[in-house]
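# Coordinates in review
Letter by letter, the chains look like this.
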Amino acid sequence: MTHRVGIVGGDGIGPEVIAEGLKVIAAAGVELDTVDYDLGGSRYLQDGVVLTDEIVDEWRTLDAIYLGAVGTPDVPPGVIERGLLLKMRFDLDLYINYRPFSCGPDSANTSPMSSGEEAEFDFVVIRENTEGAYAGEGGFLRKNTPHEIATQGSVNTRLGVERCVRYAFELASRRRKHLTLVHKTNVLTFSGDLWERTFNEVADAYPGVETAYNHVDAACIYFVDDPRRYDVIVTDNLFGDILTDLGGAVSGGIGFAASANLHPGRVSMFEPVHGSAPDIAGTGKANPTAAILSGALMLDHLGEDQAAERIRKACEDPDSLSGSTTEIGDVIAARL
Ligand code: IPM
Ligand code: MN
């Protein structure tokens, strides 16, 4: 069975890294029936289109969407982020943002930690992907006056928190059976209370999963000096955004960080954590590994588990680091 996949190369290095991802998926023997979508900052500058409801409706009929990166410096902040990426996450209800981080003795990516056991870790951040500070609640009062007020609330629903926490417990129960809630319950006493209560209630259904709690500021320290304490982390949208850039930095750089935006059982979207990096677009300097590993996550979602595993293995060798974007893609594809 072939899989119907929407391709959004996007801006900057996006199309370059997605081309390598598609090359590697083909080399792994998986056939995709692809549909191209010209979207992103460049498209917006051409005709003003960011993302239409018609396109979103078309996407609902696909199996997956594979996205490079969107955003160009000459478009004001928020237009593409909210209008394309967040609209996609919200309209398709992609409520899980799955972001894995690992470093091992055979990894192409290396931890900035001293070598040896300490530099070996393997954890997943489950970031809530449809609510929190990203929901868009708030606005201006008395804009452009000396008494201007801007509010930006964080929206946390029992349903949204619970489905995310439940997904994280399920995942932890299939891994090393350890789940850490990250929040800031000592200051965000309303949303923190909802998250903590929900976490503790769902925990009752998973007696085999050991639980822990970290404040987000403390988690930043542990990411750097003790990442081995983590198996699965669950956290809200904004904390998850910040923590996963840090996760990329401590596991060899953002060029290796993959992600999946999931609605289990429905069309889902797969993208590297990095952005469009307009400064290096066209130079061949972009590392396609994050896009290739996001492609592997897409194959997991499509039920092509073995091909996904083979791609992850092929990305491990440190030699795959050297060379240009296409050379790295070629080396990884040749290993399959
Ligand atoms: C990410 C990105 C996005 C986010 C931006 C581009 C809207 O930083 O996927 O982490 O904040 O979620
Ligand atoms: Mn981010």
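Above: the structure in question.
The residue numbering used here restarts from 1 in each chain and proceeds along that chain's sequence as written. The order in which chains are written sets their letters, starting at A; the order in which ligands are written sets their numbers, starting at 1. The predicted nature of this model means local features are confined to residues of pLDDT at least 70 and side-chain atom pairs, given and counted, to a pLDDT of 80 or more, with totals for whole chains, interfaces and linings taken over all residues. Hydrogens and water molecules were not included; the side-chain quantities draw on all heavy atoms of the structure.

A separate point is unusual backbone geometry. One non-glycine residue, Asp93, lies in positive phi territory at about 55°. What counts as a helix is a DSSP run of H or I of at least four residues, what counts as a strand is a run of E of at least two, and both are numbered from the N terminus. Mapping Asp93 onto the fold places it in the loop between helix H4 (79–91) and strand S4 (96–103). Backbone geometry places Ala277, a non-glycine residue, at a positive phi of 40°. Positionally, Ala277 belongs in the loop between strand S12 (268–272) and helix H9 (289–301).

Taken together, Glu81, Leu85, Arg89, Arg99, Arg127, Tyr134 and Asp241 make up the full set of residues near ligand 1. Throughout this description, a polar contact denotes any pair of N or O atoms lying within 3.5 Å of each other; where both atoms belong to protein, one of them has to be capable of donating a hydrogen while the other can accept it, and for residues adjacent in sequence the pair is counted only when both atoms sit in side chains. Here an oxygen atom of ligand 1 sits 2.8 Å away from a polar atom, N or O, in the side chain of Arg99. One of the side-chain N or O atoms of Asp241 is found 2.9 Å from an oxygen atom in ligand 1. With the chains in place, 76% of the 320 Å² that ligand 1 exposes on its own is no longer accessible. Of all the cavities here, the one that holds ligand 1 is the second largest pocket. Here the element with the most residues in the shell around ligand 1 is H4; it accounts for three residues. We call a residue near a molecule or strand when any one of its heavy atoms sits within 4 Å of it. Values of accessible area rely on a 1.4 Å probe in the Shrake-Rupley scheme; residue burial ignores everything except the protein chains shown. With a 1 Å grid laid over protein atoms only, a set of points is called a cavity when a 1.4 Å probe fits there but cannot get out and a pocket when it is open yet has protein on both sides within 12 Å along at least five of seven lines; lining residues have an atom within 4 Å of a point. More than half of a molecule's atoms lying within 2 Å of a cavity's or pocket's grid points is what places that molecule inside it.

Nothing here speaks to function; it is all geometry.
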